[in-house]
Structure formats: structure tokens, C-alpha cells
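Residue-level listing of the chains:
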Amino acid sequence: MSGQWVWLLPQALWLLPLVVIGWWFAHFRAQTLPTVQLRHAFIDRWLTKTALSGSSAAQRHWWGLTAVWLVLALAQPAWQTPGKIQTQPLTQASGMLVVETSVSLLLQEADGKTRLQQLQGFVSQLTALRHDQARTGLVVFADAVYPVLSPTQDRHQMSSMVSRLDAAFAGREDAALLEAVQFAGWQLVEQSAVNPWLLLITDGAHTATRGQLDEVMAWLRRHSIRVSVLLLGSDEAIESSASGLLYMPRQAALAEALSDYGAQVVKVEDAAAVSQLLAQLTQTVASEATETDTTAEDSQALSSFFLLLALLSALLMWWREMRDAVV
């Protein structure tokens, strides 16, 4: 497999000119320094007289070469090979979940579930039906937009993140609905998703105050992104004081407006429609493929190799001096 040579600390290579300058001036320094005479048992045993009285040309060359090896080791050379790219079948279309997390999701419905629990229950069913090769992303919104997950194959992570969501996570009202929808669509376009879909999960209890619906839907249609809406809550007011909030029925205005633009709108209490929506979001895509990076980039450090060369060079100098001293 092809690879490339890299320096993890290339700044250290600036020491090489200093090594060359030091090697060049070592010749003049050796000629001008006086002879040094030292007497000690350790010095007499392990250091030769030539090492104390001055360096020969060969010694200067070896010391220079040792310094070069040390600088190269300090620069941390490495051989990097790219990760393996494997083509896997794309069994299901990529999609994005755009989830409202305003304070109204705390409201409790007639069946005893909160709107947040309705949301989490649906996502749990969806992720259970998604294949391991399918990519699903998550964006949450209320007053602001928070991208939680880019389209990923890790459906267990998706389920875990949704189970940890809380009402009012991104603010109190759903003013950023259109911004969240367009941001999710942009993520699908960035990944060049095939037959992508976008599912908006909201109760429509508030009104999006920023952005133009016609512009957003036209942009999604231009990029062939299918839009579906799952409406949480109930159309009629009910007696519910468990959350401490005044009950707000979901609003039909948003659903009607989205329907006019071709979006599929499903109410959470309509079991047949919900099952049909799940089938559409998990249907098999024929004869398509996606490339997935299955392994990370491999990097093999080479610093130890240059440190070994420096050690061998120093030992060779010492051995030659000891041999010359004996002779």
C-alpha cells in the first residue's frame, strides 16, 4: 500500500544548519585549543589521549553524523499509510431527523405519555428498523439550532442521544424550525446522499418566526430531498396538569402549509399512518453503493531507528579510539 514520509515535529529540522556550522568551526577550534592533560583512574581506563588532546578529522565527521541522527530523531519522522476504503452496499437511503425540543414537549397527553416520550418511542422504532449500513443524522431545535449527529451508521448512538434529550433543551419555543430544516438538508447535500429524506418531528404548538417557508421548501425540492412531518400531541385541549404547564393543542397551520409543498404529514396517534411512514423511511434502495472508510490512517514512528543509528555511531567512535590506543 502506498504511503508517505512525514515529520511530526518539522521545526526540529532547523537545528541541522546549526549542526553543519558547528562541524565546520570544529576544525579551527581543534587547532587553536591547547593540549589538555588529565589524570584519573576512570579517564585513563576509558578515554584515550586523542580524545583529550583534540579531535581528528575522522572523529569530527563521526560526531557530526551522530548529531544529524539525533536531530532527525527529534523531528519525529514517521511513515503514514492511508486507511482502507471499502465499498459497502447502501441498503437504505440516508436521512435526517429534525426534532423539536421546546418546553411544550413536557405536556402530557390523554394516554399518560408526554410529547417527548411520543418522540422517543417513534425514534426507537425507527432505529430498530434501520440497517447497519444506513446513515441517519440528528438536528434538534427550539429557539436555536443544535446539530447533534451528522449522518452516521451508528444507529445505537442515535437511539442513545434521543433518549437523553429533554424538553427546553434548545429553548422554549420553536422559532428556529425553518433554520433547522435547512441545516439538516445542507448536511445531506454535503454527504451527497442518495434519495435522501428529512423527517421533521414537532407539535406545531408555536410558530416559526425566522425564515421563509417557500424558500426553504424550494431549496429542498431542488436537491431532491423528501420531506415528512410527524405531528406530536393532540388536536384538542385536554385536562392535563402533570407538567405544570397550560395545555396547548398542536396547530394544524404548519401541517397544512407543509402539505401544500408536497410534504407527507402524519399524526402520531394514527397507527396505520405511522407504520406506513416507518416503512417508507426504511425501504431498501436498489443498486446503490457508498464508500466507507473502515480503518484509520496508520502511522509508523521511525524516531527509534535514528536514535539507534546515533548510538551505533557513538559506540563505533569509542571502539576505534580504544583500538587505536591499544595499538
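Everything discussed here concerns the structure shown above.
A few points on the structure. These figures come from a predicted structure and were not determined experimentally. (Residues numbered from 1 in each chain as written. Predicted model: local features only at pLDDT ≥ 70, side-chain atom pairs only at ≥ 80, totals over all residues. Heavy atoms only, no water.)

### Some thoughts on the overall build of the chain
Within the chain one finds eleven helices and eleven strands. Counting over 327 residues, the chain shows a buried share of 38%. When contacts within the chain are restricted to residue pairs at least 6 apart in sequence, long-range pairs at least 24 apart make up 83% of them. Summed over its atoms, the accessible surface of the chain is roughly 18400 Å², and 58% of this surface lies on carbon and sulfur atoms. (Helix = DSSP H or I, 4+ residues; strand = E, 2+ residues; numbered from the N terminus. Buried < 20%, exposed > 50% of the residue type's maximum accessible area, 1.4 Å probe, protein only. Contact = heavy atoms within 4.5 Å. Areas by Shrake-Rupley, 256 points an atom, 1.4 Å probe, with all protein chains shown as cover.)

### As for the nonpolar core
In terms of nonpolar packing, the biggest core is built from 28 residues, with Leu97, Phe122, Leu199 and Ile201 touching the most fellow members. Apart from residues lying up to four places away in sequence, Leu97 is in contact with Val123, Leu126, Thr136, Gly137, Leu138, Val139, Met158, Trp197 and Leu199. Val139, Leu213, Val216 and Met217 belong to the second largest nonpolar core, which has 25 residues in total. (Core = buried A, V, L, I, M, F, W, Y, C linked by side-chain atoms within 4.5 Å.)

### A word on helix α9 (residues 252–260)
Among the residues of α9, Leu254, Ala255 and Leu258 are the ones counted as buried. Take α9 and look down its axis: the buried residues cluster within an arc of 95°, on one side only. Facing away from the buried surface of α9 by more than 90 degrees, the exposed residues are Ala253, Glu256 and Asp260. The inward-facing, buried residues of α9 contact α7 (177–190), β7 (197–202), α8 (213–222), β8 (226–231) and β9 (264–267). (Arc of directions from axis to C-beta.)

### Remarks on the side chain of Ser228
Following the sequence through the fold, Ser228 ends up in strand β8. Those residues in contact with Ser228, other than ones at most four positions away along the chain, are Leu198, Leu199, Leu200, Gln264 and Leu277.

### Brief notes about the pairing of strand β4 (residues 95–100)
Counting buried positions along β4 gives six out of six residues, so the element sits mostly inside the fold. Where burial is concerned, the two faces of β4 agree: the one with Gly95, Leu97 and Val99 and the one with Met96, Val98 and Glu100 are both buried. Two strands pair when backbone bridges link them, and β4 and strand β5 (residues 136–141) are joined in this way by six bridges, in the parallel orientation. Residue pairing across strands places Leu97 opposite Leu138, the latter belonging to β5. Looking at chain direction, β4 and β7 are connected through five bridges and run parallel. Each bridged residue has a counterpart across the sheet, and for Met96 the counterpart in β7 is Leu198. (Pairing = 2+ DSSP bridges.)

### Here we look at the pairing of β7
Among the six residues of β7, six are classified as buried, and the element is accordingly described as predominantly covered. Side chains of β7 alternate between two faces, with Trp197, Leu199 and Ile201 and Leu198, Leu200 and Thr202 buried alike. Where β7 lies against β8, six bridges are found, and the strand directions are parallel. Among the inter-strand pairings, Leu198 is bridged to a residue of β8, identified as Val227.

### As for unusual backbone geometry
Even without being glycine, Gln76 reaches a positive phi, approximately 55°. Looking at the secondary structure, you find Gln76 in the loop between α4 (57–74) and β2 (77–81).

### Re helix α10 (residues 271–281)
The set of residues buried in α10 consists of Ala273, Val274, Leu277, Leu278 and Leu281. Summarising the axial view, the buried residues of α10 lie within an arc of 140°, below the 170-degree limit, and thus occupy one face. Along α10, the residues that are exposed and aim more than 90 degrees away from the buried face are Ala271 and Ala272. Next to the buried residues of α10 lie α5 (115–129), β7, β8 and β9.

### Some remarks on the pattern of salt bridges
Side chains that carry opposite charge are capable of pairing whenever their charged atoms lie near each other. This model, assessed by the stated rule, comprises six salt bridges. In this structure, the salt-bridge partner of Arg155 is Asp132, at a minimum N-O distance of 2.9 Å. Placement of Arg155 in helix α6 (residues 155–163) and of Asp132 in the loop between α5 and β5 is noted, with a sequence separation of 23 residues between them. Among the residues examined, Arg155 registers a relative accessible area of 23% and is labelled partly exposed. Judged by its relative accessible area of 46%, Asp132 is partly exposed. (Salt bridge = Lys/Arg side-chain N within 4 Å of Asp/Glu carboxyl O.)

### Considerations on the packing of α7 against α8
Taken N-terminus to C-terminus, the directions of α7 and α8 make an angle of 15°; their axes are 10 Å apart at the nearest point. Accordingly, the angle class assigned to the pair α7 and α8 is roughly parallel. Note that α7 runs across α8; the crossing there is left-handed. On the side of α7, the interface is formed by Leu178, Val181, Gln182, Gly185, Trp186 and Val189, while α8 contributes Leu213, Val216, Trp219 and Leu220. (Axes fitted to C-alpha atoms, helices over the stretch in contact; angles between N-to-C directions. Parallel < 35°, antiparallel > 145°, perpendicular 65-115°, else oblique. Left-handed = near helix turned anticlockwise from the far one by under 90°.)

### Here's the deal with the environment of Ala180
Within the secondary structure, Ala180 is located in helix α7. Ala180 gets classed as buried once you look at its relative accessible area, which sits at 0%. For the pair Ala180 and Ala144, spaced 36 residues apart in sequence, the C-alpha separation works out to 8.2 Å. The residues touching Ala180, leaving out its near neighbours within four places in the chain, are Val98, Val139, Phe141 and Val145.

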